[in-house]
Amino acid sequence: MKKAIKTPKKTVKKVTVYDPAKIEKKWQKKWTSSKLYKTTENKKKEKFYALDMFPYPSGEGLHVGHPKGYIATDVISRFQRMNGKSVLHPMGFDAFGLPAENYALKTKTNPADAVKKNVAYFKKQLEIIGLDYDWSREVNTTDPKYYKWTQWIFLQLLKKGLAYESYEPINWCPSCKTGLANEDIEDGRCERCSTLVEKKPLRQWVLRITDYAERLLNDLDLKDSSGKTLLDWPESIKELQRNWIGRSEGALVKFPIINDQGSSNSSEKKLGEVEVFTTRPDTLFGVTYVVLAPESHLTSELLASIQNKEEVEGYITRAKQETEIQRTDATKEKTGVQLKSVFVVNPANQEKVSVWISDYVLADYGTGAVMAVPAHDDRDWDFAKKYGLPIKTVITPLFTRAGEEDAWRPNEPEIKRPVVVCLVKHWSEDKYLFLRKKIVDKATVAIAGGIDGEDLIEAGKREIREESGYKNAKFIKHLGDPVYYRFYSVVGKQNRISDLKPLLFQLINDEREEISKEENEQHDSVWLSPNEIDEYLKGRPFNEIFWNRLNGKDQPYIHNGILINSEKSNGKDSESAKKEIVEFVRGKLVTKYKLRDWVFSRQRYWGEPMPIVHCQNCALKEYKNQAKITLNFYFKEIWEALKDGTKTVETRALNPDEPNRYFGNLALGDIIHCTFKTKKATEELLFRIKSKKIYKTFQELFDDKSTINKLSRKTYKSVIELEKSYAFTPDYVERIKKNGLIAWEIEPVTIAVPVPEKDLPVILPKVKSYEPTGTGESPLAAITKWVNTKCPSCKGKAKRETNTMPQWAGSSWYYLRYEDPKNKKQLVNPKTEKYWSSVDLYVGGAEHATRHLIYARFWHKFLYDTGVVSTVEPFKKLQHVGLVMGEDGRKMSKRFGNIINPDEVVKTYGADSLRVYEMFMGPFDQQIAWNTPSMVGSRRFIERVWKLKEKIAKNISDSDLKNIDRIVHKTTKKVTDDIETMRFNTAISSLMILVNEIEKSLSITKGQYEILLQLLAPFAPHATEELWAQLGNKKSIHISKWPEYNASLAVDNEVTIMVQVNSKIRGSFMAETNISKEDMEKKAQEVPEVKKWLENKKIVKIIVVPNRLVNLVVV
RNA sequence: GCCCGAGUGGUGGAACUGGUAUACACGCACGACUUAAAAUCGUGUCCCUCUGGGAUGUGGGUUCGAUUCCCACCUCGGGCACCA
């Protein structure tokens, strides 16, 4: 019969039922009213700053995946608080950006209102989970009090020359109608809407993040004074950032350009130089042509001097039409066009090589031009094969035999000798002759032998005859350049480097002679089919190369090796030859990065306005003498039309007084100086040419609503009048019909004047329609009242910058504002900053590795340089949350209908169960599928802890006391360690084990129970707080002192020692902890189950692992 | 193609530095309580040809001993991708 130990009937204690709904609400209220989690800078205490990646408050609210990271930081910050630290654990909202704007567009609301509503909902959702945020420190990126400082940082960047305006074509998403940064593109598509990204010429604000590339890269490995790595980040994320920054060391080398028409009378004309960037200057002697990017400025400059101008122009046009994704598809066949009659000279060997353009060369990396070495580069190889360009080998592979008896021995002398390698084809079948060695490694090898001053082919024939006996081999062909192979000659007792020269032979017939005794002792001849050869070639790389050459499958050799055909550098290894060759051709060693400058403006409404004013007057002063042409205007209407900003002007018609000065040779970006003469005054302005269109007639020009519809009707009329009247001689009309009318789209040349810091923030104005315009202009441009302003510098009329900042702006520094969120005078008070910085733990999704985390590091370093922050890196420890997938294993998304709402879960199971489950489901950083049925385990666990209260007794048996004490110490150690290392799942598992153990015993002390509650408190704050209070504690459990453990008490006093016989477990025995080695050996042999395995055997060895096992090796 | 990371019962997963593989939990089966169900509690639960043998994606290697270290391969996940 079992004893009724669970609930003795005599205890008529009132048993409260665990009702999470009730107690959770109760405690959340109490915590808020008592300001339990209010953060203070307590100089006496050590600080701990735990940070979550703040959420984007979308309309959908949270799903159960979101809180996973928040719960983790919550557990840790509660743990740190109990350990006596001053904890900063804040929360805020990253609410600018496209989703909020699109959501508002869809629901026809103002984004500001939508954000307000969503934030309120998010906060409510977060609150019911019982997170310990100090909401008095909440930040919101869309709050003018906050973005004032985002704008302030931008101004500091501008001041230091790290923000600049660029006119380079940028990535444009036609669906989101905005420009994008490199980081916002995935596979050539917009990261947000998956639309193909286009290139669009657009004025952009760009941040010079590349100036920080080196530091961003190097500081990933920053060490403190004791040599410990400063950034405790997952190695994978560091690697991701390293790849993204993409440092490569190489050299810039100049190739002089010459013009050679090919005819005998024309002399070679110098046309400047092509500068290329290469990481392999060691292959310079192997350059057989040079390739320019189609968009390269050099290409357009050379256009005038080439014969096939039209063909080249056609190629450039086609290249421009291709989308980014088509262009950068590495698998597509390479295309290109030669620039005929233009050549460059290889500075290494003065060889004249051809020049090509191809879209496999990127304009914006390196110099936009590459030297092609087809023998040692995959891309050049493909291109050269397609266009029949020469391939010149300058690096020969050097293979080193490793692992076997014949492995190359680094410290022994070596000799080099030429060796002929013979691939011998069968006289009738598709088989090849090989030798199977009888000695050393018994490998199958090709017939080969040293040649001593002999003719190569004759030496081959001789080797075939000597080694296989076949007499009539016919030479077929050479199999390309030699390969070096170094090994240890067991027979010759020395290192050898063979200069392997491959030849192909075929036997005419089977006539064979007797082979010598020595040869016969070494190997047999075998005939192998191609399949068998493929099999045996594994691990014989040089033979593989020869075999591939024979089958026409040869490939470029892109690795390091020994230089050949490289004049003075012959015989050097490629790594050491690099510097020498760069010096020889007077090149320059440089470092390049893949990282591009950060395109920082968006043509959308919902973002921080840039604190910039564009002033034309100031520009006039600055750039007047840079104008290419001066125009005089007399027409009032046109002046009216022009002065408003970007307009389309048909230049010829507008300049009747100077009919000969038309603008066919102006280029995009050129500056025009315009003088406007009205009756009253003369005004001057500068315009820049923005784009070009050609029309056949005026009518066509007028009909093109896209460009001309901004001109007033009066202007149309006056231009039409012109056509009818004096401006057009028949000759001129002819010319228009032939060449078309050129219409330039122009824009005013302005100077960007920063808004003075005292005038910040520049408030985002309310606007009726914030639909994106799609023209490259922000919707803000339509708000004339806001746009037209005074220039802070000259006080004249000026216009505001209408682009807004990208979503990443506000999130690049928000963690600093939490430290001092209400400061009106400073971004953050330096003293406060010093106390809290850096963030001790940063938790969030891995998807931010190459954007937010790089941008924030960049801004932080900049702020460090500016003296705003005191540390070089913002985040000391970074931890990634593994995604929570839907129950179907797919990403949680409305689309799949697999979203689990935490509110529902809390309703049925309680917040504590949700928290315990999320921490218990698996390793924190691993992706995992949600499984609601599994949640009952967590709920059961909390209920069991709840019921355990009944076991508290005053009189407790000594053995129980000691036993439970031991487990309590053990668990305390485990939970403490596991929280610190964020292995929450095993922390909870050990708590479960503790609970199981306690259940087995009759009773526990109040103290033991309290420790259990404290250990569980970070995970289940409500239930533990309630039980803690029920025990009579007056102060919150969450500010109680974290239990300490005694390591010696945490160790079991008895251990199970396993006994193995020949590494197989045969038995075990119990022993005191730290039993001596000798005793273990002795006791092991006495175990009955073990004894029978020892019968008639001799123990030859005993391996003892203290406190664990004994292994008896017997024979 | 290149660079990371991961593959363990029916499921999520555990295993310190090479030393009892499958802790903890879910599920399942059986039992107790109950008129019954739920809840709860208890017992069992890797496989097989079972005095023993075999299993940590596959195949090798190092070792007295490998989930753990090395080599090759397969699958999945993530990142980068014509970066010269």
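Residues numbered from 1 in each chain as written. Chains lettered and ligands numbered in written order. Predicted model: local features only at pLDDT ≥ 70, side-chain atom pairs only at ≥ 80, totals over all residues. Heavy atoms only, no water.

(A) Main features of the packing of aromatic side chains. Enumeration over the complete set of coordinates arrives at 41 aromatic pairs. Taking 5.6 Å as the distance between ring centres and 80 degrees as the angle between the ring planes, the aromatic pair formed by F154 and W205 counts as edge-to-face. A residue pair is termed long-range when its members are at least 10 positions apart, and F154 in helix α5 (residues 144–159) and W205 in strand β11 (residues 204–207) qualify at 51 residues. Assessed through its relative accessible area of 2%, W205 is described here as buried. Every member of this aromatic cluster is reached through a ring pair, and the members are F154, W205, Y212, W598, F600, W808, Y855, F858 and W859. Looking at K352, its charged tip hangs above the ring of F343, at a distance of 4.8 Å from the centre. A cation over a ring is seen here: R890 above F896, with NZ or CZ 4.1 Å from the ring centre. (Phe/Tyr/Trp six-rings, centres within 6.5 Å; stacked < 30°, edge-to-face > 60°. Helix = DSSP H or I, 4+ residues; strand = E, 2+ residues; numbered from the N terminus. Buried < 20%, exposed > 50% of the residue type's maximum accessible area, 1.4 Å probe, protein only. Lys NZ or Arg CZ within 6 Å of the ring centre and 35° of its normal.)

(B) Seen up close, the protein's contact with RNA strand B. Neighbouring residues of RNA strand B: 55 residues in total, closest T279, K334, R379, S1063 and N1111. In the interface set of RNA strand B, defined as its atoms within 4 Å of the protein, sugar plus phosphate atoms amount to 63%. Measuring from a sugar or linking oxygen of RNA strand B, one finds a backbone N or O atom of M921 at 2.5 Å. Within the side chain of N996, one N or O atom sits 3.4 Å away from a phosphate oxygen of RNA strand B. Among the elements that line the surface near RNA strand B, the one with the most residues is helix α33 (residues 984–1000), at six residues. (Near = heavy atom within 4 Å. Polar contact = N/O pair within 3.5 Å; in protein donor to acceptor, adjacent residues only side chain to side chain.)

(C) Molecular detail of the nonpolar core. Among the nonpolar cores identified, the biggest contains 175 residues, and W598, Y814, W859, W930 and F1019 are the most heavily contacted of them. The element that contributes the greatest number of residues to this core is α5, accounting for nine residues. Leaving out residues up to four positions away in the same chain, F1019 has contacts with V75, D912, R915, V916, M919, I979, F984, A987, I988 and L991. In terms of nonpolar packing, the next biggest core, distinct from the first, is built from 37 residues, V253, V287, V337 and I581 among them. (Core = buried A, V, L, I, M, F, W, Y, C linked by side-chain atoms within 4.5 Å. Contact = heavy atoms within 4.5 Å.)

(D) How the structure looks around the pattern of salt bridges. For the structure on display, the rule yields 51 salt bridges. Where E1044 meets K1041, a salt bridge forms, and the shortest distance between an N and an O atom there is 2.9 Å. Residue class for E1044 comes out exposed when judged on its relative accessible area of 61%. For K1041, a relative accessible area of 56% corresponds to the exposed category. Through salt bridges that share partners, D184, E191, R602 and R851 make up one connected network. (Salt bridge = Lys/Arg side-chain N within 4 Å of Asp/Glu carboxyl O.)

(E) Summary view of the confidence of the model for chain A. Taken as a whole, chain A shows an average pLDDT of 84; of its residues, 87% reach a score of 70 or greater. In this model residues 1–14 is a low-confidence stretch, pLDDT under 50, and it forms four contacts with partners more than four residues away in sequence or in other chains. Predicted confidence for residues 706–728 stays below pLDDT 50, and this span has 33 contacts to residues more than four positions away or in other chains. Interface confidence for the predicted complex, given as ipTM, is 0.95, next to a pTM of 0.87. (pLDDT = per-residue confidence, 0-100.)

(F) Structural view of empty space enclosed by the protein. Per the stated rule, a full pass over the model turns up five cavities of 30 Å³ or more. If you go around the largest cavity, you meet 19 residues; those closest to its centre are L98, L180, R192, R602 and Q807. Mapped onto the lining of the largest cavity, the elements with two or more residues apiece are α3 (98–107) and β7 (178–180). For the lining of the largest cavity, a count of residues per class yields seven nonpolar, five polar and seven charged. (1 Å grid on protein atoms, 1.4 Å probe; cavity = no way out; pocket = protein on both sides within 12 Å on 5 of 7 lines; lining within 4 Å. Points joined across faces, edges and corners; volume = space filled by probe spheres on them. Nonpolar A, V, L, I, M, F, W, Y, C, P; charged D, E, K, R; others polar.)

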